[in-house]
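Structural characterization, general
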Amino acid sequence: MSPVPPLPKVDAPASATPRSDGAAASRWKRLTSLPLRSGFALAVLGVAVWAIWRAVRDTSPTQILTALASIPTWGRLSALALTAASYACLASTEVILVRAMGPKVSGLRSALTSAASFAASNSLGFSLASQGAVRLRGYGPAGLTHGQIARLTLVVSLAVTLSGIVTAGLTLAIAPLVFAHALGRPVLIIGALALALMTPAALWFLAFRRSRPAWLGGGTAAPPSGKTRAIALGVGLGDWLTSGAALFVLVPHPTLSGLAVFLVVFVLGSLISAASGVPGGIGVFEAIVISLTPLVAQTHETAAALLVYRLIYSLGPAALAVALFTALKTAARLRKRGAP
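Quick caveat, the model's predicted, so the values are computed rather than measured. (Residues numbered from 1 in each chain as written. Predicted model: local features only at pLDDT ≥ 70, side-chain atom pairs only at ≥ 80, totals over all residues. Heavy atoms only, no water.)

Points about the overall build of the protein
Counting its regular elements, the protein contains 13 helices and zero strands. Counting helices and strands in the order they occur from the N terminus, the protein gives α-α-α-α-α-α-α-α-α-α-α-α-α. Within the protein, buried positions represent 40% of all 340 residues. Considering only intrachain contacts with a sequence separation of at least 6, the fraction spanning at least 24 residues in the protein is 71%. Summed over its atoms, the accessible surface of the protein is roughly 19200 Å², and 70% of this surface lies on carbon and sulfur atoms. (Helix = DSSP H or I, 4+ residues; strand = E, 2+ residues; numbered from the N terminus. Buried < 20%, exposed > 50% of the residue type's maximum accessible area, 1.4 Å probe, protein only. Contact = heavy atoms within 4.5 Å. Areas by Shrake-Rupley, 256 points an atom, 1.4 Å probe, with all protein chains shown as cover.)

Topic: the environment of Leu259
Along the chain, Leu259 falls in helix H11 (residues 256-276). You can call Leu259 buried: its relative accessible area is 17%. When the C-alpha atoms of Leu259 and Val296 are compared, they prove to be 8.3 Å apart, with 37 residues separating the residues in sequence. With sequence-adjacent residues up to four places away left out, Leu259 is seen in contact with Ala245 and Phe248.

Quick look at the pattern of salt bridges
A full pass over the atoms with the stated rule returns two salt bridges. A salt bridge links Arg135 to Glu94, with the shortest nitrogen-to-oxygen separation between them at 2.7 Å. Highlighted residues: Arg135 in helix H5 (residues 127-139) and Glu94 in helix H3 (residues 73-101), separated in sequence by 41 residues. Per residue, the accessibility class of Arg135 equals that of Glu94, and both read buried. With its nearest N and O atoms 2.6 Å apart, the salt bridge here joins Arg310 to Glu286. Of this pair, Arg310 sits in helix H13 (residues 299-338) while Glu286 sits in helix H12 (residues 284-292), and the two are 24 residues apart along the sequence. By relative accessible area, Arg310 is classed as buried at 16%. (Salt bridge = Lys/Arg side-chain N within 4 Å of Asp/Glu carboxyl O.)

Side note on the packing of aromatic side chains
Taken as a whole and judged by the stated rule, the model has seven aromatic pairs. Ring plane angle 75° and centroid distance 6.2 Å describe the contact between Trp240 and Phe266, whose orientation is recorded as edge-to-face. Residue Trp240 is found in helix H10 (residues 226-248), and its partner Phe266 is found in helix H11; the two are separated by 26 residues along the sequence. Neither residue differs from the other here; Trp240 and Phe266 are each classed as buried. (Phe/Tyr/Trp six-rings, centres within 6.5 Å; stacked < 30°, edge-to-face > 60°.)

Observations concerning the side chain of Glu94
Classification of Glu94 as buried rests on a relative accessible area of 0%. A polar contact is formed between the side chain of Glu94 and the side chain of Arg135, at a distance of 2.7 Å. Of the polar contacts made by the side chain of Glu94, one reaches the side chain of Tyr139; its length is 2.7 Å. (Polar contact = N/O pair within 3.5 Å; in protein donor to acceptor, adjacent residues only side chain to side chain.)

Digging into the nonpolar core
Of all hydrophobic cores here, the largest spans 58 residues; its most connected members are Tyr139, Trp204, Leu247, Leu250, Phe285 and Tyr309. If sequence neighbours within four positions are ignored, Tyr309 has contacts with Ser243, Ala246, Leu247, Leu250, Phe266, Phe285 and Ser314. (Core = buried A, V, L, I, M, F, W, Y, C linked by side-chain atoms within 4.5 Å.)

Looking at the packing of H3 against helix H4 (residues 107-124)
Between H3 and H4, the least distance of the axes is 8 Å, while the angle of their chain directions is 125°. As judged from the angle between their axes, H3 and H4 are oblique. When you trace H3 past H4, the crossing you get is right-handed. On H4, the residues touching Tyr87, Leu90, Ala91, Glu94, Val95, Val98 and Arg99 of H3 are Gly107, Ser110, Ala111, Ser114, Ala115, Phe118, Ala119 and Asn122. Among the residues making up the contact of H3 with H4, the classes are represented as nine nonpolar, four polar and two charged. (Axes fitted to C-alpha atoms, helices over the stretch in contact; angles between N-to-C directions. Parallel < 35°, antiparallel > 145°, perpendicular 65-115°, else oblique. Left-handed = near helix turned anticlockwise from the far one by under 90°. Nonpolar A, V, L, I, M, F, W, Y, C, P; charged D, E, K, R; others polar.)

Re the side chain of Ser117
Along the chain, Ser117 turns up in helix H4. Engagement of the side chain of Ser117 in a polar contact is seen with the backbone oxygen of Ser114, the distance being 2.8 Å. Once residues within four sequence positions are removed from consideration, Ser117 is found in contact with Gln131, Val134 and Arg135.

This is how it looks when you write it as structure tokens:
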């Protein structure tokens, strides 16, 4: 993006609103909205804590510890492998969208930045803010502007959210009889719900058919092809399947029919916890999963699986991302000191 030449100074008309007034109004809006968001997040967290207490009140700590010890080694290793596959899918989605938006960034930089940004949001929450902060560090040295990084963060988040909704719809469509039996609803209602959840996928293929809109970077470059968008959506579906399966393999006796029910609950819990504003969705995600999976596993078994999953899927990648950024920063400093 070429710099815009500075405008000549002119006297503002008396009727014009001073720039400081607009800035003050913007600051006031942020200050007043912060208590509202914080209050909403605290209220949601309070409801989640109550739901968890209600679900586990008849469960002893000994039962949860026994369930933790009984998780087999193959289950933990499978969760690690599926976690790696999930982050690989997220990174691939970002590489595809970065290329579609036009910035000339290496695939390796996009992949590493994506993995680090999602690791941060999965651990800290505040998805757009935490992901944007990490992407500023990752893409800033590559020459991307703040506006380009903000648009990229928004587009990637929308793509991941859309693929989650479609994943739930496809799961309902593939196994309608399983859900009809589990929910006690007619198959036709399950099919209608599946269709409603898959409908938003059409927006992914109908959007920016002729040119890229301003919020996607603008410009005159050709829009991404239908094949590119289909690949991006498919990779997003892979992310939700592998991330959900990473938790499911930690539950005793996982089955394909159980995975279908579990995956829909997993998507629902992930989307609601992300929208709650609670850091990392802690408590909200657990409350939804524990409350809605009694047919898949017992409460203490699900609670134990959630504890291990948090360590493997959220805290583990976040620790690796911090270590990677620290190592890269240290290496850059050493190169700078050693330069003549």
